[in-house]
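Listed below are the residues making up each chain.
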Amino acid sequence: MKILPDRCTACGKCVANCPLECVALVDRVAVISPECVDCRVCLRVCPEGAVAEELPADDPRITCGSCPVACRVPEGGTGACQRYANRGGTLVRNAPLRTFEDVRQVVGPDWEPAVREPLVTGIGAGTTYPDCRPAPVIVRGVSQGVDVVTVVTETPLSYSSVKVKIDTDANLGQEGAAVLAGGEKIGHVTTEEYGSKILSLGGANTLTGPHGFRAARVMTALANRERVKLRVEGGSRLEVQAGHAPVVDGKPIGVMRVGCGSATLGLFAPLLLEAADEVVVLDSHLTGLLTEHAAGRYLGATPSGVRLRFRKSTPGRYFGDHGSGWGGTSIQDPREVFAPDGLENVRPGSRILVTETTGQSSAYFRVGAGGALHPEEPTEGVRRAVGAISETCQESRVSVLYCGGTGGSARAGVTRHPIRLTRAVHARKARLTVGGAPAFLLPGGGINFMVDVERVLRGAFSWVPTPALVIPVEYTMRWEDYEAMGGHLEAARPLEEALARRRP
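All residue numbers here refer to positions counted from 1 along the written sequence of the relevant chain. Only residues with pLDDT of at least 70 are given local features in this predicted model, and only at 80 or more are side-chain atom pairs given and counted; all residues enter the totals for whole chains, interfaces and linings. Excluding hydrogens and water, the side-chain values take into account all heavy atoms of the structure.

Draft legend 1. Main features of the sheet that holds strand 17 (residues 247–248). Note on pairing: DSSP must find at least two bridges between two strands before they are called paired. The secondary structure listing takes helices from DSSP runs of H or I that are at least 4 residues long and strands from runs of E that are at least 2 residues long, numbered from the N terminus. Strand order in the open sheet formed by 11 strands is 18-17-16-15-12-13-14-11-26-30-29, and the pairing between neighbours is antiparallel. Edge positions in the open sheet fall to strand 18 (251–252) and strand 29 (440–441), since each of these has one partner strand only. By definition in these notes, contact holds between two residues if any of their heavy atoms fall within 4.5 Å. To get an axis, fit a line to the C-alpha atoms, keeping to the stretch in contact for a helix; angles then go from 0 to 180 degrees between the N-to-C directions. Contacting strand 11 (160–167), strand 12 (178–181), strand 13 (184–193), strand 14 (196–202), strand 15 (228–232), strand 16 (237–240) and strand 26 (398–405), helix 5 (residues 212–223) crosses the sheet at an angle of about 55 degrees to strand 11.

Draft legend 2. Main features of the pattern of salt bridges. Any carboxyl oxygen of Asp or Glu within 4 Å of a side-chain nitrogen of Lys or Arg constitutes a salt bridge here. Taken as a whole and assessed by the stated rule, the structure comprises 24 salt bridges. The partner of Asp277 in a salt bridge is Arg351, and the shortest N-O contact between them spans 3.2 Å. Of the two residues, Asp277 is situated in the loop between helix 6 (261–275) and strand 19 (278–282) and Arg351 in strand 23 (residues 351–356); the sequence distance between them amounts to 74 residues. Take Asp277: its relative accessible area is 24%, and that puts it in the partly exposed class. Here Arg335 and Asp333 are joined by a salt bridge, their closest N and O atoms 3.2 Å apart. In this scheme, a residue with accessible area under 20% of its type's maximum is buried, one over 50% is exposed, and one in between is partly exposed, where area comes from a 1.4 Å probe on protein chains only. The class for Arg335 is partly exposed, based on a relative accessible area of 39%. Asp333 gets classed as partly exposed once you look at its relative accessible area, which sits at 23%. Three or more residues joined by partner-sharing salt bridges are found here, namely Asp38, Asp59, Arg61 and Arg72.

Draft legend 3. Highlighting helix 9 (residues 418–426). Buried residues of helix 9: Leu421, Thr422, Ala424 and Val425, and no others. Buried residues in helix 9, looked at end-on, bunch into an arc of 165 degrees, giving them a common side. Buried residues along helix 9 sit in contact with strand 29 and strand 32 (468–478). Among the residues trailing helix 9, Arg428 stands out with phi positive, at a value near 60 degrees. Along the arc lie the directions from the helix axis toward the C-beta atoms.

Draft legend 4. Examining unusual backbone geometry more closely. The residue after Tyr129, namely Pro130, is reached through a cis peptide bond having omega 0 degrees. Turning to its location among the elements, Pro130 is positioned in the loop between helix 3 (100–107) and strand 9 (137–143). The omega torsion across Thr466 and Pro467 is -5 degrees, close enough to zero to call that bond cis. Take Pro467: it is sitting in the loop between strand 31 (462–464) and strand 32. A positive phi angle, close to 55 degrees, is found at Asp58, a residue other than glycine. The topology assignment puts Asp58 in the loop between strand 4 (51–52) and strand 5 (62–63). For Asp58, a relative accessible area of 78% gives the class exposed.

Draft legend 5. Representation of the packing of helix 6 against helix 8 (residues 380–392) in the model. Between helix 6 and helix 8, the least distance of the axes is 8 Å, while the angle of their chain directions is 160 degrees. Between helix 6 and helix 8, the angle is such that the two are roughly antiparallel. Crossing of helix 6 over helix 8 shows right-handed handedness. Counted together, Thr264, Phe268, Leu271, Leu272, Glu274 and Ala275 of helix 6 and Gly381, Val382, Arg384, Ala385, Ala388, Ile389 and Thr392 of helix 8 form the full contact between these two elements. Three categories are distinguished: nonpolar for Ala, Val, Leu, Ile, Met, Phe, Trp, Tyr, Cys and Pro, charged for Asp, Glu, Lys and Arg, and polar for the others, with Gly belonging to the last. Taken together, the residues of the contact of helix 6 with helix 8 break down into eight nonpolar, three polar and two charged. The scheme is simple: roughly parallel for angles under 35 degrees, roughly antiparallel for over 145, roughly perpendicular for 65 to 115, oblique for anything else. Left-handed is the label given to a crossing in which the near helix is rotated counterclockwise from the far helix by less than a right angle, and right-handed is the label when the rotation is clockwise.

Draft legend 6. Local environment of the sheet that holds strand 20 (residues 286–289). Spatially, 21-22-20-19-23-24-25 is the arrangement adopted by the seven strands of the open sheet, whose pairing is mixed. Edge positions in the sheet fall to strand 21 (311–314) and strand 25 (373–375), since each has one partner strand and no second. Looking at each pair of strands side by side, their axes are set apart by 30 degrees on average, direction ignored. Pairing geometry for strand 21 and strand 22 (residues 317–319), over three bridges, is antiparallel. In the strand pairing of strand 22, Lys312 is matched with Tyr318. Its contacts with the sheet place helix 8 against strand 23 and strand 24 (362–367), and it is angled at close to 20 degrees to strand 23.

Quick look at the structure:
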């Protein structure tokens, strides 16, 4: 890389963002040191266009192929990630392969088998209020030869939210946009993860706000796997139900993408290269260009000269945009993906395939004189490549995670010393389950957890108009640990007696 001094304004963005701290300001001009590996971060962040690529002749550096960045690593140096080092002309991982024994202490102990499953669930247990009274059901029994106890309650939790994962590359709305139910704001769009959009609904501030009752009602319905209609402000109308395909603007979503455009190239590069001279995989996250991509280079693809209208991330990978077009981008016609002069240097007669990451939409062209694109019927090779993409896609569905915090007053129903319960849960001596389903415990203070609602009996969630969601919660631990934490031993009943008292 090199700096164009007449354009540099000494803004310092290249200095702040260089992962190897190879850039400095000298006399108000950026200067790049010899340790530079051409990761192109400075080029991408410079607002003045003051950075240019420059590949010196007889470059002795080694090009790393461990990621799309393709750093050129000098002798004794590392790549931008600082994971690979050039040692004597060979790139080596600069950390040893670790065994599980190496990390066992960091990972921590797993749950003892005897306390993994509760003796009874909290479903149907009822609630004791105020919380200083013992929990409604405290059961003592034997599990795998160990004397254990399970304490259960149906506890109202105002610290409740629901995460809705929607498998689709369709654009639902901007991140941060309000999510409405019945015209009331009950949450917002958070982010994209893999091939999914994530909504966050509820939370303490929403539940205690002017739309709290609506939020509690919708969250409970989602947790109980009921179909719910939502609208994203400035975005799409949704119908969502845990375990079922989402409906976006009245259209059922059949499959989720196989990966981003770059990942799709990596997965199917041999088939795609057989199908066409150049392949563009349209995707709102990363749109891929085969012959420039690492996968294409690995297979010996000849650069086609195609240039795309999107902003380049790394070679063959371009940041897309968001819209109602192909791959969740604004591209309505596949020919729009090319830069205005992006086909001028393409050899006439070249074949170009444009496809979505789902393979649901694709187009096949032959390049004519002056870069004109002529649609052609897909060949057998094109159908085979696009079909392979489509067949690899998973069915699209909606998943719902309930997120709550039970580190508050409800602990008093378990023990006279609530902090001891919190510590026991984090020490994996007392296991928290929700309706018998395993809960993921968030680290840090309190007892914050997440649970997949599809692993909880339908109808187990309810709500009270405080407002709060009512959740079946169980704590299972050794009897001796329950004694040590100051549990309500006098309220414990044998398992057989508790089961005998169950109502039909």
